[in-house]
Structures are given as structure tokens and as C-alpha cells.
Amino acid sequence: MIKAITGTKDILPIDIPKWRYLENTVISTMTRFNYKEIRTPVFEETSLFARGIGEATDIVSKEMYTFIDRSGTSVTLKPEMTAGVVRAFIEHSLDKKQSLNKLFYISPMFRQERPQAGRYRQFHQFGAEALGSNDPILDAEIIIIAYDIFKQLGLKNLSVKINSLGVPESREKYKNILREYLDKYFNDLTAESRKRFDTNILRIFDSKEGQDQKIMENAPLLIEHLDTESLEHFEKVKQALLSAHVPFEIDPKLVRGLDYYTHTTFEIVSGSVGSQSALCGGGRYNLLVKELGGGDVPGVGFASGIERVLLACENEKSFSLSEEKIDLYIVTLDKELNGFSYTTAIELRRHGITVELDYLSRSVKAQMREANKLNARFVLMVGGEEFKQNQILLKNMANGEQINFEKSDMNKIISLLKEN
Ligand code: ATP
Ligand code: MG
């Protein structure tokens, strides 16, 4: 038997209502903040991610699904959305039509990592990118959007962690200070961190290994070496979060080690999902558009993993959905009337009513059972003595009330179903 590929997951009909609920929450929140949806291709030229995300990152160095297609081009299934959005932004000169572009997305992503709870190889993200302004209000807005979506989903056990990576000049100076400090402990670092020492020294803060963490405990912090411009920017972000009543903590060790990140970085973590606890991450990337061949356009954004958010919702029982219902089930008493029932179903559906009927020539009893199973609000009985007198019987399943209709009088049935 052929099974789904390791790390991928079927989303079965029974799971769809909660996915839709989350997606609708995302869409309505984004719409209220005036973010417009963008959809980019599932695969892109590999070089876009190599340049956009950075060769030294985990994503590019070991997680990408990359293959050579039949025309010899190296393509990659998107591991994240920012690079693709920025590519589209540049390719379509979106900044010529609109000086600030506020965009959002909901999309599958692909990373070849070790599957575990909250970590898959095909997973889904929603997120936002605001391109065209360096205003710290937008850094805060991005955080507020993510926070508001989680709150609307009923999540409680949240912490918002923020940090500033400043501008490249002060960061470069700081990296030398960090290098000097780590030089003394170089041989005690894990192999992975020793590699990062040269490629991306800030990322050593990200290490999950106790051996590294112990050394990093006393490391000098970037936030203590920021220039005034960066500190002012950070201060304004904090003020904006405070005035929006978003509780946050400053985590000076939170680095998202990409060179194009500037100023704000943040993560929202849930205490309800075990070790894969980051529900979202994001930050400001004022150098990325230029890096990918566009103009000097600042940007800020976030991405959130849907599977992880839904896991947190489930663990907290943060929302409950009402049972699915249909408006009407048509029970056909005589097989000869199947044609009439089917035509009636089509007509009612065309009037916006959700209708189901029997396709398996089942007994009346089995049809009634099916109507109950589907939570039909009404049942229409077609056949028997009534039908011979041109009547059909409509039964209200909530109160047992029964009403007879002329079988030609569909409009009355339609109005009654729509009223209730
Ligand atoms: P992590 O530290 O968990 O690997 P990350 O830094 O790689 O996260 P980002 O690239 O910032 O994550 O992606 C944003 C969000 O997407 C994460 O916070 C998480 O919710 C989700 N995410 C990332 N990788 C996966 C995955 N393999 N499976 C499911 N969700 C994921
Ligand atoms: Mg990761």
C-alpha cells in the first residue's frame, strides 16, 4: 500500500472546520488592518532562497526540497514566504502603484526536517509582510496582528518576546566584541557552534545544547551595544505595544541570524505545546529587497505555523465549533419517485439550501437514520398517500412539527427553510 510521505499529513474532512475557522480569523483580522492577500508559486528558483534566506541558515543549508527539473533548472519548494513575496514585489514593481504594500498569505511550506509533534515536512503558514516604511509603528502592528489572531482563537498561554538587532553598523561592531568573548571558549563550543563562529556568530545564541548555552549565559549582549538610532526605534516599538495592551518581554538572546534583519525581531511562544513552542516569528528586514535586486525598500513581517497554532488551541480547548448541520434531508418513500426527489434537491440547492438525499436505495428507516446523522434541520417526505394527492410533508426535526405542502409549491418550502 502506498502511504503519505513521512512528515506530510492529510487534513481530513473532520479537521476542516477548525482549519477554516483559523483561516477565517486570519482573513478577517488581516482585512481589518487593510492587508491584501498575495499568492505566490509553490516553487521558485533555488537561488532566490539561497540569496534571500542566506546560505548559512539551517533552512538553506539542510532543510530545502531542491531538485533539478527536466529543463535543468534548480528549483526549490518554498520553505518560507518572505523571499517569494519580495521577489513578486520587485518583479511587479508593486511600489510604483502603492508606496506602502501591506500583504498577507496562507500557504503550504516545505522543509526536510525530522518530523515530530508540531514539526512537519509539509506544513502551513499564515503571515504578513509590510513593504515600504521604516516606521516602528509597523513593527508593532505586525506583532499586534499575530497576537490578536491568537487571542481571537482563544489562546491564553502566550508570551511575546522581542529584541532588537539594530542596524548593520552597530551589529558588526558588536559581533567583534562577541567574537573576542567567544574566542576564549572556542574549544568548549559544540561543533555546530564552532561552525557558526565563522558563518553566523549571532546564531550561537540559538543553540539548544547546554554546553553552548552555559557559555552564552555570560556573553555580552547586542542590546547593550546598540546605537542611538536603533535604541530609539526599539523604544517606539515598545511604546506602541504598550498602548495596544500587548504584554511582552525583552529577550536579548532572541536572534534571527539573517544578515538582512535590522531592528525588531520577535517570537510569540505558547506554553501549551511542548518543545516546539514558537507559534510565530518575525522581524524587520530593511536590507532584503535590495539584496534581491530591488530598491532601497524597508520591510517587516511575520510567519506563523498553522499546525502548531491548532495544536495549542486543541491543548487549551481554546474554541469550540458548533456541530455541522444540513438544512434538509429528502426521504424518498417510493423508488419511482427518486427522479422527483433528485430534481427537487437540485432546485433547492440552487436556492442556497443545503440538501442531501439517498443515493443507495436505502430503506425509509435507514434514510431517517442518515438524516439524523447529518443533523438535518428539516426532513422532506416524498411518497405515500400524500404524494398521490400532490402533497409532500415537511418535518421540523427540532420540534417535530409537520407541515403539508402542495408539491408544486416549492417557493413556500424555500421561504420556510430560509426563515428558520
Ligand atoms: P523552529 O525554531 O521551530 O524551527 P523556525 O525559526 O525555523 O522555527 P520560522 O522559519 O520563523 O521558524 O517559521 C515561522 C513559524 O513556522 C514557526 O514559528 C513555526 O510555528 C512554524 N514552523 C517552522 N518550521 C515548521 C515545521 N517544520 N513544521 C511545522 N511548523 C513549522
Ligand atoms: Mg526551523
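Residues numbered from 1 in each chain as written. Chains lettered and ligands numbered in written order. Predicted model: local features only at pLDDT ≥ 70, side-chain atom pairs only at ≥ 80, totals over all residues. Heavy atoms only, no water.

On to the overall build of the chain. Along its length, the chain carries 16 helices and 16 strands. The C-alpha radius of gyration computed for the chain amounts to 28 Å, which surpasses the reference 22 Å derived for 420 residues by more than 25%, pointing to a less compact arrangement than a globule. If one aligns the C-alpha atoms of the chain with their principal axes, the spans along those axes are about 95 × 50 × 40 Å. Contacts spanning at least 24 positions in sequence make up 69% of the contacts within the chain whose residues lie at least 6 apart. If you sum the accessible surface of the chain, you get close to 21300 Å²; carbon and sulfur atoms cover 49% of it. A gap of 3 Å separates the mean positions of the 55 positive and 59 negative side-chain charges of the chain. (Helix = DSSP H or I, 4+ residues; strand = E, 2+ residues; numbered from the N terminus. Rg over C-alpha atoms; globule rule 2.2 N^0.38 Å. Contact = heavy atoms within 4.5 Å. Areas by Shrake-Rupley, 256 points an atom, 1.4 Å probe, with all protein chains shown as cover. Lys, Arg positive; Asp, Glu negative; His and termini not counted. Charge placed at Lys NZ, Arg CZ, Asp CG, Glu CD.)

If you check the domain split of the chain, you get domain 1 (16-167 + 227-316) and domain 2 (326-419). In this structure, domain 1 and domain 2 have C-alpha centres spaced 49 Å apart. (Domains from an automatic or database assignment.)

A surface patch of nonpolar side chains, amounting to about 350 Å² of accessible area, comprises Tyr 342, Tyr 359 and Leu 360. By the element assignment, Tyr 359 lies in the loop between strand 13 (355-357) and helix 14 (364-373). (Patch = residues over 30% accessible without salt bridge, like charges linked within 9 Å, V, L, I, M, F, W, Y side chains within 5 Å. Salt bridge = Lys/Arg side-chain N within 4 Å of Asp/Glu carboxyl O.)

Our focus in this paragraph is the side chain of Lys 102. One can find Lys 102 in strand 5 (residues 101-110). Lys 102 gets classed as buried once you look at its relative accessible area, which sits at 16%. Looking at Lys 102, its side chain comes within polar contact range of the main-chain oxygen of Phe 33, at 2.9 Å. Apart from residues no more than four positions distant in its own chain, Lys 102 is found in contact with Phe 33, Asn 34, Tyr 35, Lys 36, Glu 129, Ala 130, Leu 138 and Glu 141. (Buried < 20%, exposed > 50% of the residue type's maximum accessible area, 1.4 Å probe, protein only. Polar contact = N/O pair within 3.5 Å; in protein donor to acceptor, adjacent residues only side chain to side chain.)

Pairing is mixed in the open sheet, where five strands are placed in the order 13-12-14-15-16. What marks the edges here is a single partner per strand, and that holds for strand 13 and strand 16 (402-406). Each adjacent strand pair in this sheet contributes to an overall mean axis angle of 25°, direction not counted. For strand 12 (residues 326-332) and strand 13, the ladder comprises three bridges, and the chain directions are parallel. Each residue of the ladder has a partner; that of Ile 330, found in strand 13, is Leu 357. Against the sheet, helix 14 contacts strand 12 and strand 14 (376-382), and its axis sits at roughly 175° relative to strand 12. (Pairing = 2+ DSSP bridges. Axes fitted to C-alpha atoms, helices over the stretch in contact; angles between N-to-C directions.)

Tracing the sequence through the fold places Val 382 in strand 14. Here Val 382 falls in the buried class, since its relative accessible area comes to 0%. For Val 382 and Asp 15, which are 367 residues apart along the polypeptide, the C-alpha to C-alpha distance reads 34 Å. Setting aside anything within four residues of it in sequence, one finds Val 382 in contact with Ile 330, Val 331, Thr 332, Leu 333, Asp 334, Leu 337, Phe 340, Ser 341, Phe 387 and Ile 392.

Look at Asn 34: it is not a glycine, yet its phi comes out positive at around 60°. As for its placement among the helices and strands, Asn 34 is situated in the loop between helix 1 (16-32) and strand 1 (36-37).

The next point concerns the pattern of salt bridges. For the structure shown, the criterion picks out 22 salt bridges. Notably, a salt bridge pairs Glu 141 with Lys 102, separated by 3.0 Å at the nearest N-O pair. Of this pair, Glu 141 sits in helix 6 (residues 136-152) while Lys 102 sits in strand 5, placing them 39 residues apart in sequence. The same class applies to Glu 141 as to Lys 102, namely buried. Where Arg 203 meets Asp 206, a salt bridge forms, and the shortest distance between an N and an O atom there is 2.9 Å. For Arg 203, a relative accessible area of 10% gives the class buried. Each of Asp 58, Lys 62, Glu 192, Arg 196, Arg 203 and Asp 206 takes part in salt bridges that share partners, so that together they form one network.

This brings us to the packing of aromatic side chains. Inspection of every chain in the model, using the stated rule, returns nine aromatic pairs. Geometrically, the ring pair formed by Phe 126 and Phe 302 is edge-to-face, given 6.0 Å between the ring centres and 80° between the ring planes. With Phe 126 in strand 6 (residues 122-131) and Phe 302 in strand 11 (residues 299-305), this pair connects stretches of sequence that are 176 residues apart. Summarising the burial analysis for this pair, Phe 126 and Phe 302 share the class buried. (Phe/Tyr/Trp six-rings, centres within 6.5 Å; stacked < 30°, edge-to-face > 60°.)

This part is about the sheet that holds strand 8 (residues 249-250). With mixed pairing, the eight strands of this open sheet are ordered in space as 1-5-6-11-10-9-7-8. Where the open sheet ends on each side, the last strands, each with one partner, are strand 1 and strand 8. Direction of pairing for strand 7 (residues 158-164) relative to strand 8: parallel, over a ladder of two bridges. Note on strand 8: the bridge partner recorded for Ile 162 is Ile 250. Its contacts with the sheet place helix 12 (residues 306-316) against strand 5, strand 6, strand 9 (264-270), strand 10 (278-284) and strand 11, and it is angled at close to 110° to strand 6.

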